[in-house]
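# A look at the structure
So the chains spell out like this:
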Amino acid sequence: MSIRKTGPLVEPFLDKASETWSYVVYDRPGGSAAIIDPVLDFDVPSGRTGTANAQRLVDYVRAQQLSLDWILETHAHADHLSAAPFIREQLGGRVGVGEHIRDVQKIFCDVFNLEREFLVDGSQFDHLFADGDSFTLGDLQGRVIYSPGHTPADMAWLIGDALFVGDTLFMPDVGSARCDFPGGDATQLYRSVRHLLELPEDTRMFMCHDYPPQGRDRHCCETTVGEQKRSNIHMRAGISEAEFVAMRQQRDATLEVPRLILPSIQVNIRAGQMPPAEDNGTVYLKIPVDKL
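Rules behind the numbers
- Residues numbered from 1 in each chain as written.
- Predicted model: local features only at pLDDT ≥ 70, side-chain atom pairs only at ≥ 80, totals over all residues.
- Heavy atoms only, no water.
- Pairing = 2+ DSSP bridges.
- Helix = DSSP H or I, 4+ residues; strand = E, 2+ residues; numbered from the N terminus.
- Phe/Tyr/Trp six-rings, centres within 6.5 Å; stacked < 30°, edge-to-face > 60°.
- Buried < 20%, exposed > 50% of the residue type's maximum accessible area, 1.4 Å probe, protein only.
- Right-handed = clockwise from strand over helix to strand, strands pointing away.
- Salt bridge = Lys/Arg side-chain N within 4 Å of Asp/Glu carboxyl O.
- Contact = heavy atoms within 4.5 Å.
- Core = buried A, V, L, I, M, F, W, Y, C linked by side-chain atoms within 4.5 Å.
- Polar contact = N/O pair within 3.5 Å; in protein donor to acceptor, adjacent residues only side chain to side chain.

Below, the discussion takes up the sheet that holds strand S4 (residues 39-43). The sheet built from 3 strands is open, its strands ordered S5-S4-S7 with antiparallel pairing. Of all strands in the sheet, those with a lone pairing partner are strand S5 (48-50) and strand S7 (81-82), marking the two edges. Taken together, the 2 bridges between S4 and S7 define a ladder with antiparallel strand orientation. By the bridge assignment, Val39 is partnered in S7 with Ser82.

Pasting the structure below:
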């Protein structure tokens, strides 16, 4: 059932394999929509892709008779491949991301030694958003909030009273995103989150991921700015920048590399497109050895 208060209708979809939330956001049935952070299925042992998760979003948009204006990525994800090209092929729409994707492309162009033709200018995306940019979604107004820290390119999307935070905050009982990826910075993340928490306390906040802790038996996707300020285990009111940075750095040092980081990043910096096929017609994803 779609979630609504005073802003957009929001339909969440969970990819259980990566514990990622994708969203269809729209002004009204038969109106205008955006899809945020769509997931392409990817089986590591076989190297096979699939569109079962993305098809659920497509089916919902069609069932609601929506016009898809935007496919929005909060950042270049390290835990799943983007299904943006499949969504655009099925429904149209423009693929948007923050302008600092260019910084991430520059970092990983070297890591993966990408082909000479690969451009680190963000041109693989249909539109690059800057901090403070606005956009419309039918009768709704959207605003872009730059929120680096997890990566240099994270953006939060504020549509009406609904804030889609990407990998900045998680549910209050989970805390905050890691900052140890190339270009990540715990101090930046703290300041980004504090900026987001300046929004009205009843602003709805939608997560990109949820990792239910012991004692909670289901995945959740929605909280509020006020609840995060009161209860977030890493970022509630009263936790200082120095305390957060020390906690985050200590915690990040214990975390494993995400299972899909190598295939995900080299696809997601291309707006979800695969690398060009080689001379035998086959597409290959690289695994750099001893690089990360």
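It is worth spelling out the packing of aromatic side chains at this point. Here the structure, examined in full by the defined rule, presents 13 aromatic pairs. Measuring from ring centre to ring centre gives 5.9 Å for Phe13 and Tyr60, while their planes differ by 75°; the resulting arrangement is edge-to-face. Of this pair, Phe13 sits in strand S1 (residues 9-15) while Tyr60 is found in helix H1 (residues 52-63), placing the two residues 47 residues apart along the sequence. Look at Phe170 and Tyr211: their rings are 5.5 Å apart centre to centre, the planes differ by 90°, and that puts the pair in the edge-to-face class. In this pair, Phe170 sits in the loop between strand S13 (162-164) and helix H4 (186-196) while Tyr211 sits in the loop between strand S14 (204-206) and strand S15 (222-224), placing the two residues 41 residues apart along the sequence. Tyr211 sits in the partly exposed class, given a relative accessible area of 30%.

This brings us to the pairing of strand S8 (residues 94-98). In terms of burial, S8 is largely enclosed, as 4 of its 5 residues are buried. Bridge analysis of strand S6 (residues 67-72) against S8 gives 3 bridges, and the strand direction is parallel. Bridged to Trp70 within S8 is Arg94. Judged from the 3 bridges that link them, S8 and strand S9 (residues 127-129) form a sheet pairing that is parallel. Across the sheet, the residue bridging to Val97 is Leu128, located in S9. Once the chain exits S8 it traverses helix H3 (residues 101-111) before rejoining the sheet at S9, and the crossover so formed is right-handed.

Taken as a whole, this structure holds 12 salt bridges when the rule is applied. Notably, a salt bridge pairs Arg270 with Glu115, separated by 2.7 Å at the nearest N-O pair. Placement of Arg270 in the segment after helix H7 (261-268) and of Glu115 in the loop between H3 and S9 is noted, with a sequence separation of 155 residues between them. With relative accessibility at 23%, the residue Glu115 sits in the partly exposed group. Salt-bridge contacts for Asp180 lead to Arg178; the nearest nitrogen and oxygen are separated by 2.7 Å. Several salt bridges share partner residues, and in doing so they unite Glu201, Glu227, Lys229 and Arg230 into one network.

We now examine unusual backbone geometry. A positive phi is found at Glu19, a non-glycine position, where the angle reads about 55°. When you line up the elements, Glu19 lands in the loop between S1 and strand S2 (20-26). Classification of Glu19 by relative accessible area gives partly exposed; the value is 23%.

Turning next to helix H2 (residues 84-91). All of the buried residues along H2 are Ala84, Pro85, Phe86, Ile87 and Leu91. Structurally, H2 contributes buried residues whose contacts are with strand S3 (32-36), H1, S6, S7 and S8. A positive phi of about 80° marks Gly92, the residue just after H2.

Our next topic: the nonpolar core. Proteins that are soluble and globular tend to have nonpolar side chains buried together. In terms of nonpolar packing, the biggest core is built from 43 residues, with Val24, Ile35, Ile87 and Ile269 touching the most fellow members. It is H1 that contributes the most residues to this core, 5 residues altogether. Beyond its immediate stretch of four places on either side in the chain, Ile269 contacts Ala76, Val104, Gln105, Phe108, Leu114, Phe118, Gln124 and Phe125. Formed by 26 residues, the second largest nonpolar core is a distinct cluster that contains Val193, Met205, Met207 and Ile239.

A few words now on the side chain of Ser264. If you trace the backbone, Ser264 turns up in helix H7. On the basis of relative accessible area, Ser264 is assigned to the buried category, the value being 0%. Polar side-chain contacts of Ser264 include one of 3.2 Å to the backbone nitrogen of His80. With near-sequence residues (within four places) excluded, Ser264 lies in contact with His77, Ala78, Asp79, His80 and Leu81.

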